[in-house]
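# Chains, contacts and geometry: an overview
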Amino acid sequence: HGAKGKVDKSLEKDAIEKIRLILAAHDEKIKQDEQEKRKSEEKVKTGLSKYIEDVFVNLKESEKRNKRFAFWLYSVSILSLIATIIIAIVFAANKNWQTANIEYMVAYSVACLFVVVILISLSKLLFTLAKSFMVEAIRCSDRIHAISFGKFFLDAYGAEASREEVLKAFSSWNIDNGSTSFRNQSGEDY
């Protein structure tokens, strides 16, 4: 009975030791999995932060470029209108056409009218284009604002936020589903 008891105790000790080793290995595996999960979450968070920063930079550049181009087009449009007024004043002030023969008067009137119509049309075209570029700049600004809200949410609640909550926070950044001011313009507008 004594030898059998020693064998049973020895087997029991071996079984307990094996269970401890299995539990230790299992705990180590759980710790490794948690570390990998944390590393993965950090990588995603770092990647998302980098992506957000890249988007901010691109949107700000687009906004500045579109605003500059819009202001340049507005300026040229106004200059075209000023040139139209100057040509109309010069036409009215020219005394030679009033004393010349009828062919000269008709040719001079048609030429001045043609230049005035071209300048007014150019001004309208440039103004329409400027408006489109300004709308695009405003869209970039709106997107920056929407992404800023999402970034704030991510910074404040990122660790505790679920995937759905993060997606919802960033859901309004593409507010117009791809429609642009240029696509919304018809040929008649130009």
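Details of the structure are given in the entry above.
This report concerns the structure included in the present document.

Cut-offs applied
Residues numbered from 1 in each chain as written. Predicted model: local features only at pLDDT ≥ 70, side-chain atom pairs only at ≥ 80, totals over all residues. Heavy atoms only, no water. Helix = DSSP H or I, 4+ residues; strand = E, 2+ residues; numbered from the N terminus. Buried < 20%, exposed > 50% of the residue type's maximum accessible area, 1.4 Å probe, protein only. Contact = heavy atoms within 4.5 Å. Areas by Shrake-Rupley, 256 points an atom, 1.4 Å probe, with all protein chains shown as cover. Salt bridge = Lys/Arg side-chain N within 4 Å of Asp/Glu carboxyl O. Patch = residues over 30% accessible without salt bridge, like charges linked within 9 Å, V, L, I, M, F, W, Y side chains within 5 Å. Lys, Arg positive; Asp, Glu negative; His and termini not counted. Charge placed at Lys NZ, Arg CZ, Asp CG, Glu CD. Phe/Tyr/Trp six-rings, centres within 6.5 Å; stacked < 30°, edge-to-face > 60°. Lys NZ or Arg CZ within 6 Å of the ring centre and 35° of its normal.

Attention now goes to the overall build of the protein chain. A tally of helices and strands in the protein chain yields 5 helices and 0 strands. Secondary structure elements of the protein chain, listed N to C terminal, follow the sequence α-α-α-α-α. A total of 190 residues make up the protein chain; the buried ones form 23% of that total. Intrachain contacts of the protein chain at a sequence separation of at least 6 include 77% that bridge at least 24 residues. For the protein chain, the accessible area works out to roughly 14200 Å², and carbon and sulfur atoms hold 64% of it.

Take the pattern of salt bridges next. In this structure the tally under the stated criterion is 2 salt bridges. With a shortest N-O distance of 3.5 Å, Glu63 and Lys67 are connected by a salt bridge. Of this pair, Glu63 and Lys67 both sit in helix α1 (residues 2-93), 4 residues apart, which is roughly one turn of the helix. Classification of Glu63 by relative accessible area gives buried; the value is 15%. Overall, Lys67 belongs to the partly exposed group, its relative accessible area being 33%.

It is worth spelling out a positive patch on the surface at this point. On the surface, Lys60, Lys64, Arg65 and Arg68 cluster together to form a positively charged patch. Mapped onto the fold, Lys64 is located in helix α1.

To continue, consider a nonpolar patch on the surface. Together, Ile78, Leu79, Ile82, Ile86 and Val90 make up a nonpolar patch on the protein surface, roughly 470 Å² of accessible area in all. With respect to the helices, strands and loops of the structure, Ile82 is situated in helix α1. Overall, Ile82 belongs to the partly exposed group, its relative accessible area being 40%.

What follows concerns the packing of aromatic side chains. The final tally for this structure, using the stated rule, is 3 aromatic pairs. Ring geometry for Phe69 versus Trp72: centroids 5.8 Å apart, planes at 15°, classification stacked. In this pair, Phe69 and Trp72 both sit in helix α1, 3 residues apart, roughly one turn of the helix. Judged by relative accessible area, Phe69 falls into the partly exposed class, the value being 36%. Three or more aromatic residues link up through ring pairs in this structure, and these residues are Phe69, Trp72 and Phe133. Sitting above the plane of the Phe56 ring, Lys60 keeps its charged end 5.7 Å from the centroid.

Note that Ser123 resides in helix α3 (residues 102-157). Ser123 gets classed as buried once you look at its relative accessible area, which sits at 4%. Setting aside its immediate chain neighbours within four residues, Ser123 contacts Ser77, Ser80 and Leu81.

Let us now look at the environment of Ile87. Mapped onto the secondary structure, Ile87 falls in helix α1. Classification of Ile87 by relative accessible area gives partly exposed; the value is 25%. In the structure, Ile87 is positioned 25 residues away from Cys112 in sequence and 7.3 Å away in space, judged by C-alpha atoms. Among residues more than four places away in sequence, those in contact with Ile87 are Val115, Val116 and Leu119.

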